[in-house]
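Okay, here's what each chain looks like letter by letter:
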Amino acid sequence: MTRSYKSPFTSCLIISGLAISLVSCRQGPAQSEGKVAMNDETNTNKRQARQVSESFRDYWYAGDAELTTYKLEQARYGEIREGQAVLIYVTEPFLKKAQVKADEHHADNTPVLKLNTTKNFLTGIYPYSIMTSSFYGVQDDQHALKLSLSVQEWCGHVYTQLNNREKFEIESHSYFEKEGDQRVALPKSALEDEIWNKIRINPEDLPVGSFTMLPSLEYIRLSHLPFRAYDVIAKVSITGDLKTYELNYPDLERTVKISFGNDFPYPIEKWSESAKSGFGPNAKMLTSKAIKMKTLKTAYWRQNGNKDVFLRDSLGL
């Protein structure tokens, strides 16, 4: 069966040659980028760079970040754990070749919408801390430029990074013997971790239908699965003021649902993940959930003094 992206919407505009002003953690403007070929197994055609709207500029280039907290119910080891999640969105200039945030203006800077996702919960006596970072071009014309994941708990910690070059280059480090230090090169495919950025930029063009996708780095590491793309079926549904993007992985018996507002800036209101939790005969199907609590737009990187701790109350932390 031929696998391809299908979208219920088709509008896509060519971006102008104007430089896009980005303001992020201490950073100034970054240069826009033109067309980029999507050389992967799901789309062999060139995608046109997307025109950035005035409303997008006003909201995302205002010199602050968007912080949103969520009440978290996280499945781990066959039980549901209570915790908190935070989505931190911010625009910043990115050096595509070096695969890092640019410290100053360069002609070849690429503007990205970065998402840092944090999850914190307890498994019995000891804590879990998970962070995923995704860097996605605001022109929505290629896959995420970079992903990274770190997981810390009292048994040890793991770190995984994906770089978007000629292929997806993945480097992973783990304290588990069977995982250890890995380097993997994969053909390009859709990335689950980039969907969270794409929703905020261009949800009308979310991929739907049957194709292959690399599941979230978090899921792969916590499930101790090999790095590869899996068959997925994706769809978008509408209920009232919310749209829900659903991913169903038949081979993994896993379903992810992300619900977001119909209108710009398309805030993510909640999400869920249904999958087997635990290992061996004790594994069971459980559903992790997150419900939005509070949102704050602020330049948090400047608010790092003791006098700023009270701001956490604004986020329910």
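As a starting point, this report considers the structure included with it. (Residues numbered from 1 in each chain as written. Predicted model: local features only at pLDDT ≥ 70, side-chain atom pairs only at ≥ 80, totals over all residues. Heavy atoms only, no water.)

### A look at the side chain of Ser 216
Phase 1: Mapped onto the secondary structure, Ser 216 falls in the loop between β13 (209-214) and α3 (217-223).
Phase 2: Those residues in contact with Ser 216, other than ones at most four positions away along the chain, are Glu 192, Asp 193 and Arg 254. (Helix = DSSP H or I, 4+ residues; strand = E, 2+ residues; numbered from the N terminus. Contact = heavy atoms within 4.5 Å.)

### A look at the layout of surface pockets
Phase 1: In this structure, the largest pocket spans a volume of roughly 620 Å³.
Phase 2: Looking at the largest pocket, it is lined by 34 residues, and the ones nearest its centre are Gln 74, Glu 218, Tyr 219, Arg 254 and Glu 273.
Phase 3: For the lining of the largest pocket, the secondary structure elements donating two or more residues are β3 (65-76), β6 (109-123), β7 (126-137), α2 (192-201), α3, β16 (254-261), β17 (268-277) and β18 (284-298).
Phase 4: At 6 residues, β17 tops the list of elements feeding residues into the lining of the largest pocket.
Phase 5: Counted by class, the lining of the largest pocket contains 16 nonpolar, 10 polar and 8 charged residues. (1 Å grid on protein atoms, 1.4 Å probe; cavity = no way out; pocket = protein on both sides within 12 Å on 5 of 7 lines; lining within 4 Å. Points joined across faces, edges and corners; volume = space filled by probe spheres on them. Nonpolar A, V, L, I, M, F, W, Y, C, P; charged D, E, K, R; others polar.)

### A closer look at the pairing of strand β10 (residues 168-173)
Phase 1: Side chains of β10 alternate between two faces, with Phe 168, Ile 170 and Ser 172 buried and Glu 169, Glu 171 and His 173 left unburied.
Phase 2: Examined bridge by bridge, strand β9 (residues 156-164) and β10 share 6 bridges and lie antiparallel to one another. Within β10, the residue paired with Gln 161 across the bridge is Glu 171. (Buried < 20%, exposed > 50% of the residue type's maximum accessible area, 1.4 Å probe, protein only. Pairing = 2+ DSSP bridges.)

### Here we look at the packing of aromatic side chains
Phase 1: If you walk through the whole model with that rule in mind, you get 16 aromatic pairs.
Phase 2: Ring centres 6.3 Å apart and planes at 45° place the aromatic pair Phe 56 and Trp 60 in the tilted group. A residue pair is termed a helical-turn pair when its members lie 3 or 4 positions apart in one helix, as Phe 56 and Trp 60 do in helix α1 (residues 54-60) at 4 residues. The pair Phe 56 / Trp 60 is uniform in exposure class, with both members buried.
Phase 3: Seen from their ring centres, Tyr 70 and Trp 271 are 4.8 Å apart, and the 55° between their planes marks the pair as tilted. Of this pair, Tyr 70 sits in strand β3 while Trp 271 sits in strand β17; the two residues are 201 residues apart in sequence, bridging distant segments of the chain. Of the two residues, Tyr 70 and Trp 271, both sit in the buried class. (Phe/Tyr/Trp six-rings, centres within 6.5 Å; stacked < 30°, edge-to-face > 60°.)

### What to know about the environment of Leu 113
Phase 1: Structurally, Leu 113 is set in strand β6.
Phase 2: Contacts of Leu 113, omitting those with residues within four sequence positions, involve Trp 60, Tyr 89, Val 90, Thr 91, Ser 134, Phe 135, Tyr 136, Val 138, Asn 197, Arg 200 and Ile 201.

### Brief notes about the pattern of salt bridges
Phase 1: For the structure shown, the criterion picks out 16 salt bridges.
Phase 2: Note that Arg 81 is salt-bridged to Glu 79, the shortest N-O span being 3.5 Å.
Phase 3: Overall, the relative accessible area of 47% leaves Glu 79 in the partly exposed class.
Phase 4: As a salt-bridge pair, Arg 183 and Glu 171 come within 3.3 Å of each other at their nearest N and O atoms. On the criterion of sequence distance, the pair formed by Arg 183 in strand β11 (residues 181-186) and Glu 171 in strand β10 is long-range, its members being 12 residues apart.
Phase 5: For Arg 183, a relative accessible area of 64% translates into the label exposed.
Phase 6: When its relative accessible area of 32% is taken as the criterion, Glu 171 is described as partly exposed. (Salt bridge = Lys/Arg side-chain N within 4 Å of Asp/Glu carboxyl O.)

### Comments concerning empty space enclosed by the protein
Phase 1: The final tally for this structure, using the stated rule, is 1 cavity of 30 Å³ or more.
Phase 2: Its boundaries defined by the atoms lining it, the largest cavity holds a volume of some 90 Å³.
Phase 3: In terms of lining residues, the largest cavity is bounded by 13 residues, among which Val 151, Val 158, Phe 176, Arg 221 and Leu 222 are the most central.
Phase 4: Residue assignment for the lining of the largest cavity shows that the elements contributing at least two residues are β8 (146-153), β9 and α3.
Phase 5: The element best represented in the lining of the largest cavity is β9, accounting for 3 residues.
Phase 6: Among the residues making up the lining of the largest cavity, the classes are represented as 6 nonpolar, 3 polar and 4 charged.

### Digging into the nonpolar core
Phase 1: In terms of nonpolar packing, the biggest core is built from 58 residues, with Tyr 245, Ile 268 and Trp 271 touching the most fellow members.
Phase 2: Beyond its immediate chain neighbours, meaning those up to four positions away, Trp 271 contacts Tyr 70, Ala 85, Leu 87, Lys 119, Trp 196, Lys 257, Ile 258, Ser 288, Lys 289 and Ala 290.
Phase 3: Ala 65, Val 90, Trp 301 and Leu 315 belong to the second-largest nonpolar core, a separate cluster that totals 8 residues. (Core = buried A, V, L, I, M, F, W, Y, C linked by side-chain atoms within 4.5 Å.)

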